[in-house]
Amino acid sequence: QVQLVEGGGGLVQTGGSLRLSCAASGRTFSDYSMGWFRQAPGKEREFVAAISRRGRATDYADSVKGRFTISRDNAKNTASLYMNSLKAEDTAVYYCAASRTFADYEVAAGRYSYWGQGTQVTVSS
């Protein structure tokens, strides 16, 4: 089993930046691809970004491409999401998740087995 704890959320103005972190414990971190998802009030949880086990492959939702960067440090058992040029529509609870499927990474929430508790990101205009 993998335990995931997010951090780094907060309140930021439009155009600002935030770095979200995800600390993992339990099983071998490098056995899992990692993903970030978000859920805004009244909306379904949506894919944001994903990264393969060794960090060689990444994928992003169209809405965040060019603004967000996902990374991981297997030596420190952490994953990060760097968010730049934030917009009001980025406001949501952000979740990190771990997947042990055979794919390099997953974009569907149902393919992830472990989830963090979420961290709130609020972008004010």
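Computed from a prediction, not measured in an experiment: that's the story for all the values here.

A. Structural context of the state of the cysteines. This structure, assessed with the given rule, holds one disulfide. The side chain of C22 participates in a disulfide bridge whose partner is C96; the two sulfur atoms lie 2.1 Å from each other. Judged by the torsion about the S-S bond (60°), the C22/C96 disulfide is right-handed. With C22 in strand β3 (residues 18-26) and C96 in strand β9 (residues 92-99), the pair connects residues that are 74 residues apart, well separated along the chain. For C22, a relative accessible area of 0% translates into the label buried.

B. Local environment of the nonpolar core. Formed by 35 residues in total, the largest nonpolar core has its most connected members in M34, W36, L81, M83 and Y94. Elements with a contribution of two residues or more to this core: β1 (2-7), β3, β4 (33-39), β5 (46-51), β7 (68-73), β8 (78-83), β9 and β11 (119-124).

C. Focus on the pattern of salt bridges. Counting across every chain of the model gives six salt bridges. In this structure, D62 and K65 form a salt bridge, with 3.3 Å as the shortest nitrogen-oxygen distance. Relative accessible area serves as the criterion here: at 47%, K65 is assigned to the partly exposed category. The partner of D90 in a salt bridge is R67, with the nearest N and O atoms 2.7 Å apart. Residue D90 is located in the loop between β8 and β9, and its partner R67 is located in the loop between β6 (58-60) and β7; the two are separated by 23 residues in the primary sequence. R67 carries the same exposure label as D90, and that label is buried. A single salt-bridge network, built from bridges that share partners, covers R38, E46, R67 and D90.

Thresholds applied
- Residues numbered from 1 in each chain as written.
- Predicted model: local features only at pLDDT ≥ 70, side-chain atom pairs only at ≥ 80, totals over all residues.
- Heavy atoms only, no water.
- Disulfide = S-S within 2.5 Å.
- Helix = DSSP H or I, 4+ residues; strand = E, 2+ residues; numbered from the N terminus.
- Buried < 20%, exposed > 50% of the residue type's maximum accessible area, 1.4 Å probe, protein only.
- Core = buried A, V, L, I, M, F, W, Y, C linked by side-chain atoms within 4.5 Å.
- Salt bridge = Lys/Arg side-chain N within 4 Å of Asp/Glu carboxyl O.

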